[in-house]
Amino acid sequence: MKFENVLADINGFGRFQKMIIVISFIGRFTLPCHFMLNNFIAAVPSHHCDISSLDNGGIFMNLSQTERLLVTIPVQQDGTPSSCQMFQEPQYHLLFNTSHITDAQTVPCQNGWVYDNTTFKSTLTSEWDLVCDRRGKNKATATIFFVGVMFGAMAFGSLSDRYGRRIMLLVSYVSGMVFAVASAFSTSYVMFTVLRFLTGFCITGIVIVSAVLSVEWVDIEHRKIVGVIDSLSWTFGNTAFSLIAYFVNDWRRLIISVTLPLILAIFTWRWMPESARWLIANGKLEQAQMYLKNCANMNRTEESIHTLETETLSTIVTTEKRDRTYSYLDLIRTPEMRKLALRTGILWFCVATTFYGISFKITGFGLNIYLTHFTYALIELPAKLAVLYLLEKIGRRHTMVGTLLLAAICLGINIVIPKEMPVATTVVAIIGKGFSSASFATLVLYSSELYPTVVRQNGMGYNSFIARFGVAVAPMILLLDEVWTELPQVIFCFVAVLGGIVARTLSETRNRCLPETIEDIEQKQ
């Protein structure tokens, strides 16, 4: 007997399932805000060397601020003051030299920097001077957060398969909120990075646990709808984030603002049920029966309650030993599971690297940072609605391959478009972001359908671990623009193509029952 037969009797997409979707939606709102937080809290305002200490000698007493900058800071090719260099000695002759050209010796900024606070009141960059030779530390804050996400995915994936989905979701809510708020009160760069690592570690449980819970409670026909709705929670949060960031331009207050919704998530958690699939797979038949009866009552299918006897439920998983503890090693013990883990791991790395590689680059187009982020987020809506149609018409695999290859094409086009055409490059980047977003929405659902119930959370944890490794690498890849401006784009394009090739090797899951045991995977091949 299949669990899908039980769901069919009690309505696999009724009020009970919709309640789960709403609760998951609330909890997932804060995720895109934290994942994209560095776009704003680590933004680099216009800056130049601080020359205020030179006033002590009365050198600039009769000069305007513009003239002071002219004689102390070299001018770049675009006519703006250098961000990282200053003259070793003031060059007064430049006051009479209209070309502003000089061979005078320059040195790195000696007394810190002055920042333009027009757009941002305060950022990590201006707080701890993460510019010029410290630029790498700025990018590292995002990498460290995603390294935390990476290890958190492994931890929560394993713990959720061992102790249950529901309790680990609450642990993720509470611990993620505590560390996030604490990071807003950091007094040093090191303290901030440590707390961001812990925030990433804890908050990742929300995405992998809630996604699996939603899929495990719905019938075959509606799995794609639930997968897309879960993904739309990301789009909604990401779109709202650009508006929140616009009005909250202090990095400490911004972190607190995007974390507060977790309070509501913690309050609504009391109505979140445990996964009946997980309970049955682990021999907890009485608890599974309780939740299934609650589902039947809420969905108004009480006439089917008599079919939910523990003897009936015990026949759902019969091919593997009950009460056995599954681990990540089970992903590689058998031949077909090893192939599945390898392929999905590569695919998650490629999709995540491409998606975040595009998402993190919102300041290189010469347009407003808030408008670019808002548009990047908004394009996900039609992309994911298109996915809802494509998943049914052409299946998961073809949708996965197509969206990745189209994202690669957009990245390739932007390599050859001249930088003097910022509007054109932005439009192509936004379209590419839409395709990469569609691939991510497909991937979460696709992966949860590929793995069996007994190790599904382990599988999602492993895949999320690999994906966050790709996300952690993305900011470092963006630093390669110092070697060649287009090198990051070339790398992201290649990674997207590789993902499309790997996706072609996976099996289709459209209109198929979820596998329950590892033997289901081995016998399917």
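Quick notes on the rules
- Residues numbered from 1 in each chain as written.
- Predicted model: local features only at pLDDT ≥ 70, side-chain atom pairs only at ≥ 80, totals over all residues.
- Heavy atoms only, no water.
- Disulfide = S-S within 2.5 Å.
- Helix = DSSP H or I, 4+ residues; strand = E, 2+ residues; numbered from the N terminus.
- Buried < 20%, exposed > 50% of the residue type's maximum accessible area, 1.4 Å probe, protein only.
- Patch = residues over 30% accessible without salt bridge, like charges linked within 9 Å, V, L, I, M, F, W, Y side chains within 5 Å.
- Areas by Shrake-Rupley, 256 points an atom, 1.4 Å probe, with all protein chains shown as cover.
- Salt bridge = Lys/Arg side-chain N within 4 Å of Asp/Glu carboxyl O.

The protein chain has the name Solute carrier family 22 member 6 in an unreviewed UniProt entry, where Neolamprologus brichardi is given as its organism.

Caption draft 1: Summary view of the state of the cysteines. Tallied over the full model, the rule gives two disulfides. Paired through a disulfide, Cys49 and Cys109 show a sulfur-sulfur distance of 1.8 Å. Between Cys49 and Cys109, the S-S dihedral sits near -70°, and the bridge is therefore left-handed. On the criterion of sequence distance, the pair formed by Cys49 in strand β1 (residues 47-49) and Cys109 in the loop between β3 (106-108) and β4 (113-115) is long-range, its members being 60 residues apart. Per residue, the accessibility class of Cys49 equals that of Cys109, and both read buried. Residue pairing for Cys84: its cysteine sulfur links by disulfide to Cys132, the two sulfurs lying 1.9 Å apart. Note on the Cys84 and Cys132 pair: the S-S dihedral is about -95°, so by sign convention the disulfide is left-handed. Highlighted residues: Cys84 in the loop between α5 (65-72) and β2 (85-87) and Cys132 in the loop between α6 (124-128) and α7 (135-163), separated in sequence by 48 residues.

Caption draft 2: Just a nonpolar patch on the surface, in detail. A cluster of nonpolar side chains, namely Leu159, Tyr163, Ile167 and Val171, defines an oily patch on the protein surface of about 330 Å² accessible area. Among the elements of the structure, α7 and α8 (165-183) are those that each provide at least two residues to the nonpolar patch. Mapped onto the secondary structure, Ile167 falls in helix α8. Ile167 gets classed as partly exposed once you look at its relative accessible area, which sits at 37%.

Caption draft 3: Representation of unusual backbone geometry in the model. Of note in this structure, Arg300 is not a glycine but carries a positive phi near 60°. As for its position among the elements, Arg300 is in the loop between α14 (285-298) and α15 (310-313). According to the relative accessible area criterion, Arg300 is exposed, its value standing at 61%. Phi angles above zero are rare outside glycine, and Asn511 is one such case at about 60°.

Caption draft 4: Representation of the pattern of salt bridges in the model. Summed over all chains, the structure comprises 14 salt bridges. Taking the shortest distance from any N to any O, the salt bridge between Arg277 and Glu516 comes out at 2.7 Å. Taken as a pair, Arg277 in helix α13 (residues 276-281) and Glu516 in the loop between α22 (487-503) and α23 (518-524) lie far apart in primary sequence, 239 residues in all. Assigned by exposure class, Arg277 and Glu516 land together as buried. Close ionic contact of Arg396 with Glu449 constitutes a salt bridge, the shortest N to O distance being 2.8 Å. Residue Arg396 is located in helix α19 (residues 395-416), and its partner Glu449 is located in helix α20 (residues 422-450); the two are separated by 53 residues in the primary sequence. Each member of the pair, Arg396 as well as Glu449, is classed as buried. Ionic contacts of the salt-bridge type, sharing partners, join the residues Asp161, Arg165, Glu216 and Arg456 into one network.

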